[in-house]
Amino acid sequence: MQEWFGRLPGHIGIGNVRYTTSGKCDDTSLLQGTQPVTGKADGIELAVSFNGNIVNTAQLRKEMEQQFPDFMYTCDSDLVCHKLLLELKIGKDLTSAVSACIESLDGAFSVTGITGNGDFFAFKDQHGIKPLCAGHSPDGKTWAFSSETVSLDINGLIRDFELEPGELVTVSESGFKRTQIIKNPRKAFCAFEYAYFARPDSRFDGKYVYEIREEFGRNIVREYPEIVKDADIILSVPETGDDPAMGIHEASGLRWERASRRHRYVTERAFILLNKERYNTIDHKVNILGSKVNGKRVIMTEDSIVRGDTTKIIIKKVRAAGAKKVYMFVTFPRIIGPCFYGIDMATYGQLIGSRHSAEEIAKIIGADAVCYQSIDGLVHATGQTRDQLCLACITGEYPTPLAQKMADEMKQKFLNGYEEKGRIYELDEAST
Ligand code: SF4
């Protein structure tokens, strides 16, 4: 890998491991959407790499099709690239072009980019929904951006700072130049990063994610003392349940049994797979050690319940192994609404929590009880305040206006029996 890497020409590179939350998910579309996305117009060249999701897709798509005759829409990354290109094309400097881009996009976007002139830059949306940090090498010759600190760590780089919402950072040989483009932004960092998405060995605001997840576990013990009294052991499935399990063990004194084993060559993360793949993967991936759970009252930890199907499979396996009771301890509160900002849960219909209470969910997935961490507990453990986080999928309060409007309208329709036919922000009538 390093040998291949060293043979690339040039001295700046950007990329992104794409997680599809817009556009199609077939092989051709995934290949076309490989980042960086590039654009060219009137002698200006631009490459952009993007993490997040754009909400006003339909409106921007129309605009870009009018402005660029050859514009091909594969996914929302094309829109970010061409919107920025458009602003540069009409003569704006990079700062003004990024400013106009941030103002006109609704959604979450952490962007890195390179211009044909060799400008290397990064910026975040005005709410800073997705993470993006900056760092440098100890010899001061390499400057880098990354979604998570873990990739700085493993490349021997020193973390310098997390980009602020609405901030543009440019890079020269002497280092970073920071410009706050949007004044008084309302921070709304994704709370789901703490519970599920981020790697546990990454840091946000100086705190390791795994430490926060351990505190989630201690919180749930404080919030459900009667259930804790009625349990014999803790069991964590899947891996994101391990850190809260540690916290539950510390706060309750219950034994944390390593009674599940994961197939080490089945590496997919169940959450990001398609429905059928997810079912097969989880079924083949997790094995339960019968002698550890037979006859026991089990607390099982989970980071979240989205559709409920994977949790149901695991509970079935634990019961088949002889567990007397199964209590689910879930660190992310009940998900009641879709995400518009880069997590692929984009309809009400796919969310078991949008139409069922915790008690009903317990019945459906075969648990004796489902115990969600409270929103206050989650917020407190992150070290942030409630108004610094995006909690939209668990409160229904979205930080951007168009997402709020679309979510409210679709919720009404959904409650009246309407069947959603795709991601809300990609429907024809959306975002115009
Ligand atoms: S809606 Fe939920 S998953 Fe999406 S950005 Fe907000 S907190 Fe994160």
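Keep in mind that this is a model prediction, so the values were computed, not measured.

**Student:** Give a description of the site of the ligand that names residues and reports values.
**Tutor:** All residues adjacent to the ligand are Ile129, Cys190, Ala191, Phe192, Cys339, Tyr341, Ile343, Met345, Cys390, Ala392 and Cys393. Because more than half of its atoms lie within 2 Å of the grid, the ligand is assigned to the largest cavity. Looking at the shell around the ligand, the elements that each hand over two or more residues are helix H7 (191-197) and helix H16 (392-395).

**Student:** Run through the pairing of strand S17 (residues 297-302), naming residues and quoting values.
**Tutor:** Judged by how many residues are buried, S17 sits mostly within the fold: five of six residues are covered. Pairing of strand S13 (residues 233-236) with S17, which is carried by four bridges, proceeds in the parallel orientation. Along S17, the bridge assignment pairs Ser236 with Thr301. For S17 and strand S18 (residues 325-330), the ladder comprises six bridges, and the chain directions are parallel. Looking at the pairing, Glu302 lines up with Val330 of S18. The handedness of the S17 to S18 crossover, carried by helix H13 (residues 309-320), is right-handed.

**Student:** Would you mind going over the nonpolar core in detail, with residue names and values included?
**Tutor:** Of all hydrophobic cores here, the largest spans 44 residues; its most connected members are Phe332, Ile335, Phe340, Tyr341, Met345 and Leu391. When residues of this core are assigned to domains, at least three map to each of domain 1 (2-187) and domain 2 (193-426). Not counting residues up to four positions away in its chain, the partners in contact with Tyr341 are Gly52, Asn53, Val55, Gly107, Ala108, Ile129, Lys130, Cys390, Tyr398, Pro399, Thr400 and Ala403. Membership of the second largest hydrophobic core comes to 31 residues, among which are Leu79, Cys81, Leu86 and Phe109.

**Student:** Describe the packing of helix H8 (residues 209-223) against helix H10 (residues 242-252), and please don't skip the residues or the numbers.
**Tutor:** Between two packed helices, what matters for the description is the angle formed by their axes and the separation of those axes. Closest axis-to-axis distance for the H8/H10 pair is 6 Å, and the angle between their directions is 45°. Looking at the two axes, H8 sits oblique to H10. Handedness of the H8/H10 crossing: right-handed. On H10, the residues touching Tyr210, Arg213, Glu214, Gly217, Arg218 and Val221 of H8 are Asp243, Pro244, Met246, Gly247, Ile248, Glu250, Ala251 and Ser252. Grouping the constituent residues of the contact of H8 with H10 by class yields six nonpolar, three polar and five charged.

**Student:** Requested: an account of empty space enclosed by the protein, with residues and values cited.
**Tutor:** Using the criterion set out here, one finds one cavity of 30 Å³ or more in the structure. Within this model, the largest cavity holds a volume of roughly 110 Å³. Around the largest cavity, the lining is made up of 16 residues, and of these Cys190, Cys339, Tyr341, Cys390 and Cys393 lie nearest the centre. The set of elements that each furnish at least two residues to the lining of the largest cavity consists of H7 and H16.

**Student:** Give a description of H13 that names residues and reports values.
**Tutor:** An ideal rise of 1.5 Å per residue puts 16 Å on twelve residues; H13 measures up with 17 Å between its terminal C-alpha atoms. Regarding H13, the residues found buried are Thr310, Thr311, Ile313, Ile314, Ile315 and Val318. Phi for Gly322, located one or two positions after H13, is positive at around 105°.

**Student:** Please set out unusual backbone geometry residue by residue, giving values where relevant.
**Tutor:** Most peptide bonds take the trans form, and the phi angle of most residues other than glycine is negative. One non-glycine residue, Asp42, adopts positive backbone phi at about 50°. Secondary-structure assignment places Asp42 in the loop between strand S1 (37-41) and strand S2 (44-54). Positive phi values are uncommon outside glycine, yet Asn184 reaches one of about 50°. Within the element layout of this structure, Asn184 appears in the loop between strand S9 (175-180) and strand S10 (189-190). A relative accessible area of 77% means that Asn184 is categorised as exposed.

**Student:** Describe in detail the pattern of salt bridges, supporting the description with residues and values.
**Tutor:** Between side chains of opposite charge, a pair can form when the charged atoms approach closely. Scanning the entire structure with this criterion turns up 22 salt bridges. Between Arg203 and Asp153 there is a salt bridge; the shortest N-O distance is 2.8 Å. Here Asp153 lies in helix H6 (residues 149-154) and Arg203 lies in strand S11 (residues 203-204), a separation of 50 residues in the sequence. According to the relative accessible area criterion, Arg203 is buried, its value standing at 19%. A salt bridge links Arg297 to Asp232; its shortest N-O distance comes to 2.7 Å. On the criterion of sequence distance, the pair formed by Arg297 in strand S17 and Asp232 in the loop between helix H9 (225-229) and S13 is long-range, its members being 65 residues apart. Its relative accessible area of 24% is what places Arg297 among the partly exposed residues.

Cut-off values and rules
- Residues numbered from 1 in each chain as written.
- Predicted model: local features only at pLDDT ≥ 70, side-chain atom pairs only at ≥ 80, totals over all residues.
- Heavy atoms only, no water.
- Near = heavy atom within 4 Å.
- 1 Å grid on protein atoms, 1.4 Å probe; cavity = no way out; pocket = protein on both sides within 12 Å on 5 of 7 lines; lining within 4 Å.
- Sits in = over half its atoms within 2 Å of the grid points.
- Helix = DSSP H or I, 4+ residues; strand = E, 2+ residues; numbered from the N terminus.
- Buried < 20%, exposed > 50% of the residue type's maximum accessible area, 1.4 Å probe, protein only.
- Pairing = 2+ DSSP bridges.
- Right-handed = clockwise from strand over helix to strand, strands pointing away.
- Core = buried A, V, L, I, M, F, W, Y, C linked by side-chain atoms within 4.5 Å.
- Domains from an automatic or database assignment.
- Contact = heavy atoms within 4.5 Å.
- Axes fitted to C-alpha atoms, helices over the stretch in contact; angles between N-to-C directions.
- Parallel < 35°, antiparallel > 145°, perpendicular 65-115°, else oblique.
- Left-handed = near helix turned anticlockwise from the far one by under 90°.
- Nonpolar A, V, L, I, M, F, W, Y, C, P; charged D, E, K, R; others polar.
- Points joined across faces, edges and corners; volume = space filled by probe spheres on them.
- Expected span 1.5 Å × (residues − 1).
- Salt bridge = Lys/Arg side-chain N within 4 Å of Asp/Glu carboxyl O.

Fair warning: the whole summary comes from geometry, so function is off the table for now.
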